[in-house]
2 protein chains.
Amino acid sequence: VTTSRKRAAEIQIRHIGEDDLIQRIAGWLAERRDGRRAVRSALRRLGMRVVVGIGDDAAVVSCGRGAPPLALTTDMLVEGVHFLADHPPEALGAKAAAANLSDLAAVGAWPAWILVSLGAPRQTPARWVEAFYRGMRSVMDLYGCFCIGGDCVRAKQLTVSIAAGGNCDPRSKIPLRSRAKPGQALYVTGTLGDAGAGLWLLRGGAARAGRPRPTERDRERLIARHQRPTPRVEAGAAIARACHDAAMMDLSDGLAADLPRMAQASGCGFDIDLSALPISAPLKRAAAGLPYSAESFALFGGEDYELLFTTALPPSKWFEAVSHAAATQRAAAGQRAASGRRAAAGRPLRITRISAARRGEGVRYLDRAGKVVEPRGPIFRHF
Amino acid sequence: VTTSRKRAAEIQIRHIGEDDLIQRIAGWLAERRDGRRAVRSALRRLGMRVVVGIGDDAAVVSCGRGAPPLALTTDMLVEGVHFLADHPPEALGAKAAAANLSDLAAVGAWPAWILVSLGAPRQTPARWVEAFYRGMRSVMDLYGCFCIGGDCVRAKQLTVSIAAGGNCDPRSKIPLRSRAKPGQALYVTGTLGDAGAGLWLLRGGAARAGRPRPTERDRERLIARHQRPTPRVEAGAAIARACHDAAMMDLSDGLAADLPRMAQASGCGFDIDLSALPISAPLKRAAAGLPYSAESFALFGGEDYELLFTTALPPSKWFEAVSHAAATQRAAAGQRAASGRRAAAGRPLRITRISAARRGEGVRYLDRAGKVVEPRGPIFRHF
């Protein structure tokens, strides 16, 4: 650590917060450029153009006439910050890939390739590295996506950095998070809070005295959602194809952190009826014995990797295509990877209307009686 | 650190070495896949195809009819492993970008975009982060290349992970490192060993007793080559355009580590005349006072980011185009970024013939008298 980084009087990144830091970085990068004219024409000749820049789940570039737009994203996962040291390596590889594929799904793109960098201590067993890559591949194989390169370096903390590229269907409209409009309904795929509760249980979080502890089966299902999330690739592509008015993003930090980002980017507000949040049966049962409600996990848990989207189109225009996309494609691909998933392959994806965009700004939470409440829960901070 | 990672009897990645580890990973990723048929057709419909996979400096994918091939690469840099803790942030940003642009240059691609992930301790000053991104941009602006996204996370060690994409000129032939053929001459751009000597001086490496210490000016120039290397973007693109028979790679680990990779990939050998290695005047002068010869730094120093290429074409067919590419393009772009570079902008790039590919395998080093010698020097190990 340098002396310049140690100077205490300075503003440090922990004082800023992730959203503000990203806005500052975007500012530093966006300032007027000098002397680019000659090289810009070289790029134009090659047909390259930025369609969506910093601020969405993925950037989108055009690669030239006749080629589908290319969506690009990257994520860095650090031991002790984003995953526990004993996260099984196979599940860690799968989760790292899923987090990136989820970002691509959020702009409706189908994953094509990933680049993977792994920082690891020198004494990491080769077997651990192999399980990590096999886990990653098990997710990529579901979508015909390749690992085409990467880097392996020495590091004190296990660090996984993945960059992923995917193709947008030219018939689709790219569903930015800034496109929500008052009057559109707000939907979410799957169920919320399972991954957060799974992490809580893994960390040995306290149960409520005198209440029943979660059953082993519920515990396992919640932990699996934390360790091996499913990216909503097929649903994202189907939404982009069917709902050309959609705003969309994926839920990685929890609804309470992510929805305000959509509200701010779109310049509208949302009122969330807490009783409408989609809660899985295992979470409902387990939460009875935990110090937070199922709704708190759904709002603050994070890492659900479900899709959040708005559209004014009636469900009759898109629901079946989106809900059945995953089931159909998995079945056609003859998926036989992870057990447990097999059962899910034929089941349509749950999609729940949880609010509607309104004029104004900010996100409010309403209880069953329609009263505005301020929910509290466990919050994950990046810095 | 998990118990599974601690088990001492197991093979650990430090026992394997970087090249072997990458080969193993490529093996795990390349095995037969099941159930991909349905999704493969989805990708084919979108026009995506892998042209160059794991093993070269960059992968290359085709993005569909009419679009230029897209080269992709990624690099992870870790504090204490790839850079010293007091590397100036502006120079670190520039170096991280340059390392990736150099990989793209090695397949003849022009950089189009980068994705940047930064892992940093919470107490990192915002000013440090700003200087880092500004330094990165100073390099990207030279080529009209954009930062289109990234990630910022908490980490104990400063960790920089960049993924970069670039376009191959459709008129070019992609110069893989496996394309060297007996009879082709072997060339290298610029001078070798400066960055390695700069790092040696920065680390306070011992001087030879009774010999003059490097002058302040020589010291600064060598350290600058370590802290702020120049990727050979224009030269790489010009070589790919002019020499359709070329094998090429960039020198990141030093000639003694990198050339055997080209030899092995191509199934040929090289005899290097040590007296032919291009050594800069500052290194020649400084090495007189250091415990290693200038040739040792050239062979083992690493991080030169020069291009190594073979071609059977006579220099009259390509030398001027390649050597003047950088000068011309920089002048046209009206570059006025870093001082010191301005002088270099008008100067043609040095290109030196250092060997010829021969039948057989392996790399041998010859002294001035033509005798085979085994040079020794400071070696950088990834694990």
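Scoring rules and cut-offs
Residues numbered from 1 in each chain as written. Chains lettered and ligands numbered in written order. Predicted model: local features only at pLDDT ≥ 70, side-chain atom pairs only at ≥ 80, totals over all residues. Heavy atoms only, no water. Helix = DSSP H or I, 4+ residues; strand = E, 2+ residues; numbered from the N terminus. Buried < 20%, exposed > 50% of the residue type's maximum accessible area, 1.4 Å probe, protein only. Contact = heavy atoms within 4.5 Å. Areas by Shrake-Rupley, 256 points an atom, 1.4 Å probe, with all protein chains shown as cover. Pairing = 2+ DSSP bridges. Axes fitted to C-alpha atoms, helices over the stretch in contact; angles between N-to-C directions. Disulfide = S-S within 2.5 Å. Polar contact = N/O pair within 3.5 Å; in protein donor to acceptor, adjacent residues only side chain to side chain. Phe/Tyr/Trp six-rings, centres within 6.5 Å; stacked < 30°, edge-to-face > 60°. Salt bridge = Lys/Arg side-chain N within 4 Å of Asp/Glu carboxyl O. 1 Å grid on protein atoms, 1.4 Å probe; cavity = no way out; pocket = protein on both sides within 12 Å on 5 of 7 lines; lining within 4 Å. Points joined across faces, edges and corners; volume = space filled by probe spheres on them. Nonpolar A, V, L, I, M, F, W, Y, C, P; charged D, E, K, R; others polar.

### Considerations on the overall build of chain A
Per the secondary structure count, chain A includes 14 helices and 13 strands. Residue burial in chain A is summarised as follows: out of 383 residues, 60% are buried. Counting only contacts in chain A whose residues sit at least 6 apart along the sequence, the fraction spanning at least 24 positions is 83%. When the accessible surface of chain A is split by element, carbon and sulfur atoms take 51% of a total near 15,200 Å².

### Here we look at the sheet that holds strand E10 (residues 306–311) of chain B
All names here are of chain B. Spatial strand order, E8-E10-E7-E11-E9-E12-E13: seven strands in an open sheet with mixed pairing. Looking at the sheet topology across the chains shown, the edges are occupied by strand E8 (247–251) and strand E13 (372–373). Of the pairings in the sheet, the one linking strand E9 (residues 269–273) to strand E12 (residues 362–366) comprises five bridges and is parallel in character. Within E12, the residue paired with Asp271 across the bridge is Arg364. Lying over the sheet, helix H5 (residues 89–106) contacts E8 and E10, oriented at roughly 170° with respect to E8. Packing of helix H9 (residues 233–242) onto the sheet brings it into contact with E8 and E10, and relative to E10 it is tilted by some 10°.

### Observations concerning the state of the cysteines
One pass over the full model with this rule turns up zero disulfides over all chains. Cys147 of chain A takes part in no disulfide bond, and the closest cysteine sulfur, belonging to Cys145 of chain A, lies 8.6 Å away.

### Some remarks on unusual backbone geometry
Peptide bonds are, in most cases, trans, and in most cases residues other than glycine have a negative phi. All names here are of chain A. With a phi angle near 55°, Tyr305 is a residue other than glycine that sits in the positive phi range. Here Tyr305 is to be found in the loop between helix H12 (294–300) and strand E10 (307–311). Look at Tyr305 and you get buried, because its relative accessible area is 7%.

### With respect to the pairing of strand E2 (residues 59–62) of chain A
Residue and element names in this part refer to chain A. Every second residue of E2 is oriented toward a common face, with Ala59 and Val61 on one face and Val60 and Ser62 on the other, all of them buried. A loop of six residues connects strand E1 (residues 49–52) with E2, the two strands running antiparallel in sequence, and Gly55 in this loop sits at a positive phi of about 125°. Relative to strand E3 (residues 70–78), E2 runs antiparallel, the two sharing three bridges. The residue of E3 that forms the bridge with Val60 is Ala71.

### Quick notes on the environment of Asp245 of chain B
Residues and elements named next belong to chain B. Locating Asp245 in the fold gives a position in the loop between H9 and E8. Sequence separation between Asp245 and Lys173 is 72 residues; the distance between their C-alpha atoms is 7.8 Å. With sequence-adjacent residues up to four places away left out, Asp245 is seen in contact with Arg179, Gln184, Thr310, Thr311, Ala312 and Leu313. Polar side-chain contacts of Asp245 include one of 2.7 Å to the backbone nitrogen of Ala312.

### Concerning the sheet that holds E10 of chain A
Residues and elements named next belong to chain A. Spatial strand order, E8-E10-E7-E11-E9-E12-E13: seven strands in an open sheet with mixed pairing. Here the strands that pair on one side only, and so sit at the sheet edges, are strand E8 (247–250) and strand E13 (372–373). Summarising the sheet, E8 and E10 pair through four bridges and their orientation is antiparallel. Paired with Met249 across the strands is Leu308, a residue of E10. This element, helix H9 (residues 233–242), spans E8 and E10 of the sheet and lies at about 15° to E10.

### Brief notes about the packing of aromatic side chains
Residues and elements named next belong to chain A. Tallying each qualifying case throughout the model produces 20 aromatic pairs over all chains. With a centroid separation of 5.8 Å and an interplanar angle of 5°, the aromatic rings of Trp128 and Phe132 are classed as stacked. Here Trp128 and its partner Phe132 are both found in helix H6 (residues 126–140), four residues apart, which amounts to about one turn of the helix. Like Trp128, the residue Phe132 is buried in the burial classification. Relative to Trp318, the ring of Tyr187 has its centre 4.8 Å away and its plane inclined at 75°; by these criteria the two rings are edge-to-face. With Tyr187 in strand E7 (residues 185–189) and Trp318 in the loop between E10 and helix H13 (319–332), the pair connects residues that are 131 residues apart, well separated along the chain. The exposure class assigned to Tyr187 is buried, which follows from its relative accessible area of 6%. A relative accessible area of 1% places Trp318 in the buried class.

### Observations concerning the pattern of salt bridges
Residues and elements named next belong to chain A. Under the criterion given, the structure shown has 37 salt bridges over all chains. Between Arg171 and Asp169 there is a salt bridge; the shortest N-O distance is 2.8 Å. Under the relative-accessibility criterion, Arg171 is labelled exposed at 54%. Judged by relative accessible area, which is 8%, Asp169 ranks as buried. The salt bridge partner of Arg232 is Glu306, with a shortest N-O separation of 2.8 Å. One end of the pair, Arg232, is in the loop between helix H8 (216–227) and H9; the other, Glu306, is in the loop between H12 and E10, and 74 residues separate them in sequence. Neither Arg232 nor Glu306 differs from the other in exposure class; each is buried.

### Some points on empty space enclosed by the protein
All names here are of chain B. Inspection of every chain in the model, using the stated rule, returns three cavities of 30 Å³ or more. Here the largest cavity defines a volume of roughly 70 Å³. Lining the largest cavity are ten residues, and of these Val81, His82, Phe83, Leu199 and Arg203 lie nearest its centre. For the lining of the largest cavity, a count of residues per class yields five nonpolar, three polar and two charged.

### Quick notes on helix H7 (residues 194–202) of chain B
Residue and element names in this part refer to chain B. Counted residue by residue, H7 has eight buried out of nine residues, so it is predominantly covered. Within the span of H7, buried status applies to Asp194, Ala195, Gly196, Ala197, Gly198, Leu199, Trp200 and Leu201. Looking at the buried positions of H7, the neighbouring elements they touch are helix H8 (216–227), helix H11 (281–287) and helix H12 (294–300). Positioned one or two residues after H7, Gly204 has a phi angle of 75°, which is positive.

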